[in-house]
Structures are given as structure tokens and as C-alpha cells.
Amino acid sequence: MSAPHGSQQSARQTSRQTSRQTPWWRLVAEREITTRVREKSFLIGLGITIAFVVGFFVAGSFGGGPDEYDVAVVGEQDAALVQQVEDTLTAAGEDASVSATEVSDAAAAEQAVTDGDVDAALLATDDGYELVSEDGADPGLAAATTQTVSGLALQANAEEQGVDLEALDAGTAVDQRSLDPDAEDAGTRSTIAFAFTLVFLVTALGYGMTIAQSVVQEKESRVVEILAAALPIRSLLWGKILGNTVLALGQLLVVVAVGIAGMVVTGRGDVLAGVGPAVAWYVVFFVLGFLALAALWAVAGSLSSRQEDLQSTTLPMQMLLFIPYFVSAFAGEGVKTVASMVPVASTMIMPARMAEGDVPVWQIGVALLATVAAAVLFVRIGSQVYERTLLRSGGRIGLREAMRLGAG
């Protein structure tokens with residue numbers, strides 16, 4: 001009988017030793033992660049986020065097809081002319097197709113335009129051709145048609161007059177050279193920049209409210225009193241911060257992976273080389289920015305005694321997120337430049353600026369150092385307020401009152 005008793009006592013001692021070897025904050029963080037990933041709301045939210053990203057690329061692939069024009073003509077000669085109009089559009093880099101519909105005469109061509117059977121009609125006149133449409137032909141189609149007809153007419157007239165058209169055309173070529181080789185991808189880069197700000201806004205709001213609600217729930221159920229008796233309050237805070245940061249970062253990495261895959265599948269993989277550094281920096285700024293805000297979200301929860309109090313205690317946090325978002329969306333370049341080096345705002349705006357174009361290295365350094373300093377400061381102040389207010393109940397606590405509690 002003594003052997004089993006000794007084994008049980010040895011097992012309990014080993015368990016206590018293991019608990020002492022494991023940091024308290026790590027136990028709390030693991031609890032936060034495992035509890036959250038089991039919730040249906042978390043899985044549903046993650047699924048909706050992935051579906052939204054996939055849907056964005058699916059919608060973009062359907063909306064990126066070539067422009068199609070149907071032109072009514074009279075006779076095979078004009079049908080061949082329409083084919084040359086398509087060649088002109090292709091040579092200009094336009095993704096468009098032009099098809100000819102032969103009709104009996106000019107009246108039938110105009111009727112086809114009126115009935116909406118064709119987009120336009122190309123009809124011969126004494127002076128050349130005219131492009132007939134219902135309410136104005138597409139500018140791209142009109143320009144290509146004018147260029148094609150004038151070019152053919154010029155060539156025919158030169159041959160008739162015995163003029164060397166090549167000699168006459170010498171020195172008239174105009175080449176194009178872009179000082180910004182990435183300008184062609186400006187639309188895609190702007191979309192990625194907007195996605196940076198939106199993803200951080202949604203993630204910080206979602207996980208921030210989760211942290212605040214978790215703190216209030218523990219206060220309302222008195223669970224926090226049991227936890228505070230078993231481990232340091234600061235370990236509770238660090239566990240919540242790090243656990244939710246891991247969850248938020250994991251969700252971000254999933255979104256980034258799906259986004260990269262979507263760009264490759266839809267033929268935009270060449271853009272990745274340009275925005276790759278911006279994506280990497282975005283992850284860095286994301287983690288630092290979320291760490292800074294997570295402590296303040298926990299404080300917002302500790303200042304509340306009921307779920308109803310969260311609307312007022314979390315309002316400053318919501319404003320802290322929405323103001324940079326609106327700056328990123330509507331402010332001018334000068335304001336964005338300054339805001340991109342301000343903590344919290346830098347998490348949204350600096351990676352977005354990097355996605356849209358080159359940013360001086362010193363500005364990235366200032367933004368990074370300011371964000372690190374803000375994270376250290378916010379966590380330090382947040383931990384102090386959190387320790388002073390976590391075990392207090394009976395009503396909402398003001399921030400000034402919370403600071404006086406420590407002073408006393």
C-alpha cells in the first residue's frame with residue numbers, strides 16, 4: 001500500500017514543479033488561444049475573411065475581360081477594315097476585340113445601331129468614312145478607327161502621287177519612356193495599400209473588443225478573483241496580450257497567404273516583387289501596433305464592471321483606430337507622410353505608402369522606433385492601470401480615478 005501512495009505523492013510534486021517551471025503568462029496565453037480557437041464565432045469569422053479575400057480575386061478575374069465591339073459594315077472591304085481597327089487597338093496595348101457584321105446597305109446599318117444589335121456602324125462617304133453610333137462611340141474605338149482609316153488613306157494617296165511614304169514619315173516616331181516603371185501597377189498597388197489599412201482596422205477592433213469583453217466577463221463572474229489569488233495580475237495581462245497577438249498574427253498570415261495565392265492565380269504575380277517588402281514590413285508594424293493597443297483594450301475592460309459599460313470605455317480605442325483610417329483614405333500626401341511616422345497611425349499608413357511607391361529609409365526608421373516606443377509605453381501604463389482596477393467592481397471607473405488609485 002505504501003508504494004502507490006508514494007507514487008501519487010511523487011506525481012503531485014512533479015506536477016507542481018512543472019507548473020512552477022512554466023511561466024504564468026504562458027499558461028494564460030495558451031488558455032486564451034485554445035479557448036478562442038474552439039469558439040464557433042472565431043472559426044466563422046476566419047472563414048468569412050478568407051471567403052472575402054477569395055471573392056475579391058474572383059470578382060476581379062470576371063471583371064477584367066477584353067472590351068468587345070460589334071461594328072456594322074457594308075461589304076467585305078469594310079469588314080477587312082474593321083479587322084485592321086482591332087489590330088490598331090492591339091498594337092496600342094488595349095485588350096479589345098472588334099468584330100464586323102455585314103449588312104445590305106447604310107440604312108440597314110443605321111437600323112442595326114438603333115436596335116442595339118451593334119455598337120456602331122462604319123459607313124463610307126465621299127470624304128472617307130463616318131462612325132455612326134446611338135449616343136457617341138466609345139473613345140477607344142473611335143480613336144483606333146480614325147488612326148486606321150487615316151493611315152490607309154495616307155498610304156493610298158502617297159502611292160497615287162508617287163511619294164515615298166517611308167521617307168516622308170522619317171523622324172516622326174514618338175516613343176514612350178516611363179520614369180516610374182511601376183506606374184502600370186498603380187491600381188493594384190493602391191488596392192493593396194487600402195487592404196493594409198482595412199485589415200488592421202478590422203483585426204484590431206475585433207480582437208480588441210474580444211480582449212475587453214473577456215476581462216469584463218471574468219470580473220462579472222468573479223473568476224478574476226480566483227485567478228488573481230493564484231497568479232500575478234500582470235501575468236494575466238501579458239497572457240491576454242500575447243495570446244490574442246498570436247491569434248491576430250495567425251489570422252493575418254492566413255489572409256496574406258490567400259492574397260498572394262490569389263495574385264499568382266489571377267496573373268498578377270509580377271506585382272509581388274514590388275510589394276513584397278511592403279508586405280514584410282506590414283507584418284512587423286502589425287505586431288508592434290497590435291501589442292501596443294492590446295494593453296489599452298485590456299484596460300478598457302478593467303475599467304468596466306458590466307458589458308454595458310464597454311460602449312463608453314472602449315470609445316477612445318475606437319477613435320484611435322478610425323482617425324488613422326480616415327487619414328489614410330482621405331488625407332493629402334503631406335498629411336499622410338507625417339501621420340505615417342506617428343504611432344498607431346504608422347501601422348496603417350506606412351506599409352500602405354510603401355506599397356504605393358518608394359519611401360525614404362529614414363522615415364521607415366522613425367516610424368518603427370516610434371511604434372516600438374509607443375508599444376513599450378502603452379504596455380507599461382496599461383499594466384499599471386490594469387493592476388489597479390481589475391479587482392474593483394460596482395460601476396464604471398474613470399481613467400483619472402484609476403490613476404489616483406495608484407497614487408494613493
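Residues numbered from 1 in each chain as written. Predicted model: local features only at pLDDT ≥ 70, side-chain atom pairs only at ≥ 80, totals over all residues. Heavy atoms only, no water.

Draft legend 1. Molecular detail of the overall build of the protein. The secondary structure content of the protein amounts to 17 helices and 4 strands. In the protein, which comprises 408 residues, the share counted as buried stands at 36%. For the protein, long-range pairs separated by at least 24 residues make up 74% of all intrachain contacts whose partners lie at least 6 apart in sequence. Accessible surface computed for the protein: about 22700 Å², of which carbon and sulfur atoms make up 58%. (Helix = DSSP H or I, 4+ residues; strand = E, 2+ residues; numbered from the N terminus. Buried < 20%, exposed > 50% of the residue type's maximum accessible area, 1.4 Å probe, protein only. Contact = heavy atoms within 4.5 Å. Areas by Shrake-Rupley, 256 points an atom, 1.4 Å probe, with all protein chains shown as cover.)

Draft legend 2. Highlighting the packing of helix H10 (residues 233–265) against helix H16 (residues 361–389). At a minimum axis distance of 9 Å, the contact between H10 and H16 shows a crossing angle of 130 degrees. Taken as axis vectors, H10 and H16 run oblique relative to one another. Of the two possible hands of crossing, H10 and H16 adopt the one that is right-handed. Seen from H10, the contacting residues are Ile-233, Arg-234, Leu-236, Leu-237, Trp-238 and Lys-240; seen from H16, they are Val-379, Gly-382, Ser-383, Tyr-386 and Glu-387. Its residues placed into classes, the contact of H10 with H16 shows 6 nonpolar, 2 polar and 3 charged. (Axes fitted to C-alpha atoms, helices over the stretch in contact; angles between N-to-C directions. Parallel < 35°, antiparallel > 145°, perpendicular 65-115°, else oblique. Left-handed = near helix turned anticlockwise from the far one by under 90°. Nonpolar A, V, L, I, M, F, W, Y, C, P; charged D, E, K, R; others polar.)

Draft legend 3. Quick peek at the packing of aromatic side chains. With the rule as written, the count across this model stands at 10 aromatic pairs. Measuring from centroid to centroid gives 6.2 Å for Trp-281 and Phe-285, while their planes differ by 45 degrees, and the two rings are tilted. Note that Trp-281 and Phe-285 are positioned in helix H11 (residues 272–302) at a spacing of 4 residues, about one turn of the helix. Residue classification places Trp-281 among the partly exposed positions, given a relative accessible area of 30%. Residues Phe-326 and Phe-330 carry aromatic rings whose centres are separated by 6.1 Å and whose planes lie at 20 degrees to one another, so their mutual orientation is stacked. In this pair, Phe-326 and Phe-330 both sit in helix H13 (residues 315–330), 4 residues apart, roughly one turn of the helix. Judged by its relative accessible area of 65%, Phe-330 falls in the exposed class. Three or more aromatic residues joined by ring pairs form one cluster here, namely Phe-196, Phe-200, Tyr-207, Tyr-282, Phe-286 and Phe-290. (Phe/Tyr/Trp six-rings, centres within 6.5 Å; stacked < 30°, edge-to-face > 60°.)

Draft legend 4. Representation of the sheet that holds strand E2 (residues 96–102). As summarised here, the arrangement of the 4 strands in space is E2-E1-E3-E4, forming an open sheet in which the pairing is mixed. What marks the edges here is a single partner per strand, and that holds for E2 and strand E4 (128–132). In this sheet, neighbouring strand axes are inclined to one another by 30 degrees on average, regardless of whether the strands run parallel or antiparallel. Alignment of strand E1 (residues 67–73) against strand E3 (residues 120–125), held across 2 bridges, turns out to be parallel. From the neighbouring strand, Ala-72 faces E3, where its bridge partner is Ala-121. Against the sheet, helix H4 (residues 76–91) engages E1, E2, E3 and E4, with an angle of about 175 degrees to E2. (Pairing = 2+ DSSP bridges.)

Draft legend 5. Highlighting helix H6 (residues 139–161). The terminal C-alpha atoms of H6 lie 33 Å apart, and with 23 residues this matches the ideal 33 Å at 1.5 Å per residue to within 8%. One or two residues past the end of H6 sits Gly-162, with phi positive at roughly 70 degrees. (Expected span 1.5 Å × (residues − 1).)

Draft legend 6. Broad picture of the pattern of salt bridges. Here the structure, examined in full by the defined rule, presents 4 salt bridges. Put simply, Arg-26 and Glu-30 hold a salt bridge, and the shortest N to O gap is 3.2 Å. Separated by 4 residues within a single helix, Arg-26 and Glu-30 lie in helix H2 (residues 24–37), roughly one turn from each other. Residue classification places Glu-30 among the partly exposed positions, given a relative accessible area of 37%. With a closest N to O distance of 4.0 Å, Glu-32 and Arg-31 form a salt bridge. Here Glu-32 falls in the buried class, since its relative accessible area comes to 10%. Salt bridges sharing common partners tie together Arg-31, Glu-32 and Lys-240. (Salt bridge = Lys/Arg side-chain N within 4 Å of Asp/Glu carboxyl O.)

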